[in-house]
Amino acid sequence: MDSNQFLLPESPVQEIQHPLLEQKKIKLAIKRDDLLHPIISGNKWRKLKYNLINMQTQGCDSFVTFGGAFSNHLYACAMACKAFNLKGHAIIRGPELDKRNPTIKMALACGMLLHTVDRKTYRQRHNPEYLASLQNQFPNSLIIPEGGTNQAALQGVMELAQSLPKSNYVVCATGSGGTLAGLAKGCTGNTQVIGVAVLKQADYLNHDIRQLLTTQHQGAPWQLLTDFHYGGYGKFTDEVWTFCELMRQTFHLPLEPIYTGKMLFAIWQLISQDYFPKGTSITAIHTGGLQGLDGLKYRGLIPR
């Protein structure tokens, strides 16, 4: 595996023009990281990049990771197995494997090896003793955390930060905190980084993000907004989905309502409420995850 294959052209930036933005004198740009890689898009590629390089440099012959049955991380890891001819194992929250699930179907088609565990076992995924037992079960494998968030992931997200246009605010959806931490580390002090938590009761992520920023933080100031989860992780309201469809139709901007859709809808509400001063420039990160739309259709949560 040649590390040069990970050198990709930067994703484009899309400027949004809308009467609300003109009225509030706000500039809004979308960093289209959903277009970064043809099959491994957005922050999942950013997080995987240096993990895969580390796998190569450490001489590992496979990796082990974790995910739910509809996980964007699982999908990206499976695609990486196919694209780079890697051996990958995924510990899946079970107890059973639904092979009709489009994410699982794709992972199996890519040759990824899936191992189901019950929910009690899956909750041990951060436990050092459990991780040591997995390392024994899968010797010479690199263990990548659920969601891909670790110090290697932050390296990739810092590259994203350094590619962004100059702006007052950079905003991203936040699930595990890795993207927010990497942006805070990579942006300068003239930019404020805002994370929009997509799950309920997400205040604990403030601690996790501070832990990821292990040394004295010298990058951009950051904050986490926890009131825009719209029902919790994997849930969303009709209003959020209508907004996603409106953005797709009006700006040719495809969104899913679990991550980027929630984040952008939150920005829209905050702009309406004069949260941002006039003259503000905002760059919102489209972190990809569009494969999740197939899972939502499969479960009947959005129209086919």
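Residues numbered from 1 in each chain as written. Predicted model: local features only at pLDDT ≥ 70, side-chain atom pairs only at ≥ 80, totals over all residues. Heavy atoms only, no water.

*Asks:* Is there a simple way to think about the overall build of the chain in this case?
*Replies:* In terms of regular secondary structure, the chain is built from 12 helices and 10 strands. For 304 residues, the compact-globule estimate of 2.2 N^0.38 gives 19 Å, and the C-alpha radius of gyration of the chain, at 19 Å, lies within 12% of that figure. In terms of overall dimensions, the chain has C-alpha extents of about 60 × 45 × 35 Å along its principal axes. The burial tally for the chain puts 55% of its 304 residues in the buried class. Of the contacts made within the chain by residues no fewer than 6 positions apart, 72% connect residues no fewer than 24 positions apart. (Helix = DSSP H or I, 4+ residues; strand = E, 2+ residues; numbered from the N terminus. Rg over C-alpha atoms; globule rule 2.2 N^0.38 Å. Buried < 20%, exposed > 50% of the residue type's maximum accessible area, 1.4 Å probe, protein only. Contact = heavy atoms within 4.5 Å.)

*Asks:* Help me understand unusual backbone geometry in this model?
*Replies:* With glycine set apart, most residues show a phi of negative sign, and most peptide bonds adopt trans. With an omega of 15°, the peptide bond running from glycine 94 to proline 95 counts as cis. Mapped onto the fold, proline 95 is located in the loop between strand S4 (88–93) and helix H4 (102–109). Positive phi values are uncommon outside glycine, yet asparagine 140 reaches one of about 60°. Relative to the helices and strands, asparagine 140 is located in the loop between helix H6 (128–137) and strand S6 (141–143). A relative accessible area of 40% means that asparagine 140 is categorised as partly exposed. Phi angles above zero are rare outside glycine, and histidine 252 is one such case at about 55°.

*Asks:* Please explain the packing of helix H3 (residues 72–84) against H4 as it appears in this structure.
*Replies:* Helix-helix packing is characterised by the crossing angle of the two axes and by the distance between the axes. Contact geometry of H3 with H4 gives a least axis separation of 8 Å together with a crossing angle of 20°. On the basis of their axis angle, the class for H3 and H4 is roughly parallel. H3 and H4 meet at a crossing whose hand is left-handed. Packed against H3, whose contacting residues are Leu74, Tyr75, Ala78 and Met79, the element H4 presents Thr103, Ile104, Met106 and Ala107 at the interface. In terms of residue class, the contact of H3 with H4 is made up of 7 nonpolar, 1 polar and no charged. (Axes fitted to C-alpha atoms, helices over the stretch in contact; angles between N-to-C directions. Parallel < 35°, antiparallel > 145°, perpendicular 65-115°, else oblique. Left-handed = near helix turned anticlockwise from the far one by under 90°. Nonpolar A, V, L, I, M, F, W, Y, C, P; charged D, E, K, R; others polar.)

*Asks:* Would you take a moment to explain the sheet that holds strand S7 (residues 169–174) for this structure?
*Replies:* The strands that make up a sheet pair up through hydrogen bonds in the backbone, lying either parallel or antiparallel. With respect to topology, 6 strands assemble into an open sheet ordered S1-S2-S10-S7-S8-S9, the strand pairing being mixed. The open sheet has two free edges, formed respectively by strand S1 (13–16) and strand S9 (222–225), since each of these has just one partner strand. Strand-to-strand twist of the sheet, defined as the mean angle between neighbouring strand axes without regard to direction, takes the value 25°. Sheet analysis places S1 next to strand S2 (residues 27–32), joined by 4 bridges and oriented antiparallel. In the strand pairing of S2, isoleucine 16 is matched with leucine 28. (Pairing = 2+ DSSP bridges.)

*Asks:* Which parts of the structure should I look at to understand helix H11 (residues 260–272)?
*Replies:* Every α-helix winds through 3.6 residues per turn, so residues three or four apart in the chain are directed the same way. Between its terminal C-alpha atoms H11 stretches 18 Å, which fits the 18 Å expected from 13 residues at 1.5 Å a residue. Most of H11 is tucked away: 11 of the 13 residues are buried. Buried within H11 are the following residues: Thr260, Gly261, Lys262, Met263, Leu264, Phe265, Ala266, Ile267, Trp268, Leu270 and Ile271. Backbone geometry just downstream of H11 places aspartate 274 in the positive-phi region, at approximately 60°. (Expected span 1.5 Å × (residues − 1).)

*Asks:* Sorry, what's going on with the environment of proline 277 here?
*Replies:* Along the polypeptide, proline 277 turns up in the loop between H11 and strand S10 (281–286). Sequence separation of proline 277 and isoleucine 258 is 19 residues, and the distance between their C-alpha atoms is 27 Å. When residues no more than four places from it in sequence are discounted, the contact partners of proline 277 are Ile26 and Tyr169.

*Asks:* What is the right way to read a positive patch on the surface from this model?
*Replies:* On the surface, a cluster of positive charge is contributed by Arg93, Arg119, Lys120 and Arg123. Locating lysine 120 in the fold gives a position in helix H5 (residues 119–122). Classification of lysine 120 by relative accessible area gives exposed; the value is 62%. (Patch = residues over 30% accessible without salt bridge, like charges linked within 9 Å, V, L, I, M, F, W, Y side chains within 5 Å. Areas by Shrake-Rupley, 256 points an atom, 1.4 Å probe, with all protein chains shown as cover. Salt bridge = Lys/Arg side-chain N within 4 Å of Asp/Glu carboxyl O. Lys, Arg positive; Asp, Glu negative; His and termini not counted. Charge placed at Lys NZ, Arg CZ, Asp CG, Glu CD.)

*Asks:* What exactly am I supposed to notice about the side chain of glutamine 14 here?
*Replies:* Within the secondary structure, glutamine 14 sits in strand S1. Judged by relative accessible area, glutamine 14 falls into the buried class, the value being 17%. Reaching out from glutamine 14, the side chain makes a polar contact with the backbone oxygen of phenylalanine 251 at a distance of 2.9 Å. Residue contacts for glutamine 14: discarding those within four places in its chain leaves Leu28, Ala29, Ile30, Arg32, Phe251 and Leu253. (Polar contact = N/O pair within 3.5 Å; in protein donor to acceptor, adjacent residues only side chain to side chain.)

*Asks:* I tried to follow the sheet that holds S4 on my own but got confused; where do I start?
*Replies:* Spatial ordering of the open sheet is given by S5-S4-S3-S6, a layout of 4 strands whose pairing is parallel. Only two strands of the sheet have a single partner each, and these edge strands are strand S5 (113–117) and S6. Neighbour-to-neighbour, the strand axes of this sheet turn through a mean angle of 25°, independent of strand direction. Bridge analysis of strand S3 (residues 62–67) against S6 gives 3 bridges, and the strand direction is parallel.

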